[in-house]
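Chain by chain, the residues:
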Amino acid sequence: MNTHFSQQALLDWLRPDSGWCTDHALFSTYSADPGVIASLLLSLAGFEDDPSEPDGCATKVAFAKSVVRLRKRVTIVLQAGRLFVPRGAGRPFALLDRFLKHISYDERSKAGGSDETSKVGRSWHAKCAAVRYVCETSEIGKWRFWLGSRNLTRDNSWDLGLSLEGQESGGEAQTGENIPSIADAVGKLAEAADRSDQ
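Residues numbered from 1 in each chain as written. Predicted model: local features only at pLDDT ≥ 70, side-chain atom pairs only at ≥ 80, totals over all residues. Heavy atoms only, no water.

Enquirer: Mind laying out the packing of aromatic side chains, listing which residues take part and the relevant values?
Expert: Following the criterion strictly, the structure yields one aromatic pair and no others. With centroids separated by 6.4 Å and ring planes inclined at 40°, the aromatic side chains of Tyr105 and Trp124 adopt a geometry described as tilted. On the criterion of sequence distance, the pair formed by Tyr105 in the loop between strand E3 (100-103) and strand E4 (128-135) and Trp124 in the loop between E3 and E4 is long-range, its members being 19 residues apart. The positively charged end of Lys142 is found above the aromatic ring belonging to Trp20, 4.3 Å away from the centroid. Sitting over the face of the ring of Tyr133, Arg144 holds its NZ or CZ atom 4.9 Å from the ring centroid. (Phe/Tyr/Trp six-rings, centres within 6.5 Å; stacked < 30°, edge-to-face > 60°. Helix = DSSP H or I, 4+ residues; strand = E, 2+ residues; numbered from the N terminus. Lys NZ or Arg CZ within 6 Å of the ring centre and 35° of its normal.)

Okay, here's the thing in C-alpha cells:
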C-alpha cells in the first residue's frame, strides 16, 4: 500500500482567501532566489503566478502592484550572502531588496566550538513563516504559521512542513489551543527582522 501525505503548495496556501488581504508577514529562510521571492510577493498580494496554467503567469503590472501593496508589510530574513542573484537581474531585483533583512552570521567553523553569543561558526537557518491577514470588511485577523524544511529557492525536492491557521475574534484568539512556543518563535523572528513593533 502506497499512501502519501496530503500535499499543498506553500505559495497557494499563503495566498489570501477571497475577501482577505495580507496585513503583515515574516519569513525566515537560509537561502533565497529572487524569482521565488517575486512569486511569494505575488501570492501574498493575491495574484496567481503559475506558468503551467493558461494565462497563469503574472504580469509586470501585477508584480509592481504586489511591491506597492506589501511595502512595509513583508520582511524576509535570510543568511547574508545566500541570495542567489542571476547576472543582469536589474531593476526587478532592486525592488525586492526592501523586503530583505540579511543576518550576518559567519558560517566558517570556529576552533574550539561556538558559544551562544558568538556569530562565528553559525548560520541563520530557520525556515518558517508567520502571516496575518485581515478581512476587507473588518479588522478581524487570521493567522497562518508554517514551519518546514523549505528554503525560498527553486529547488523542487519534496519538503516536509507543518501549517497552522488561527482566527481572531475581537482581537483575541478563538477557541483552540494556545501554543506559546509559536508566539515565542514569531517574536524572535520579528526581533531579528527589526519588526518587533508590528
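Enquirer: Which residues make up the pairing of E4, and what values go with them?
Expert: Across the eight residues that make up E4, a large majority, eight, are buried. On E4, burial covers both faces: Cys128, Ala130, Arg132 and Val134 on one face and Ala129, Val131, Tyr133 and Cys135 on the other are all buried. Taken together, the eight bridges between strand E1 (residues 20-29) and E4 define a ladder with antiparallel strand orientation. In the strand pairing of E4, Cys21 is matched with Val134. For E4 and strand E5 (residues 141-148), the ladder comprises seven bridges, and the chain directions are antiparallel. In the strand pairing of E5, Cys128 is matched with Leu147. (Buried < 20%, exposed > 50% of the residue type's maximum accessible area, 1.4 Å probe, protein only. Pairing = 2+ DSSP bridges.)

Enquirer: Now, about the side chain of Lys127: what can you tell me, with residues and values included?
Expert: Tracing the backbone shows Lys127 in the loop between E3 and E4. Setting aside residues no more than four positions away along its own chain, Lys127 makes contact with Ser28, Thr29, Tyr30, Trp146, Leu147, Gly148, Ser149, Arg150 and Asn151. (Contact = heavy atoms within 4.5 Å.)

Enquirer: Go over helix H5 (residues 180-192), please, and point to the residues and values.
Expert: Spanning 13 residues, H5 covers 19 Å between terminal C-alpha atoms, matching the ideal 18 Å at 1.5 Å per step. Of all the positions in H5, only Ile182, Val186, Leu189, Ala190 and Ala192 are classed as buried. Buried residues of H5 fall within an arc of 160° about the axis and therefore sit on the same side. Away from its buried face, by an angle of more than 90 degrees, H5 presents the exposed residues Ala183, Lys188 and Glu191. Phi turns positive one or two residues past the end of H5, at Asp194, with a value near 55°. (Expected span 1.5 Å × (residues − 1). Arc of directions from axis to C-beta.)

Note that every value here comes from positions in space, so none of it alone points to a role or purpose.
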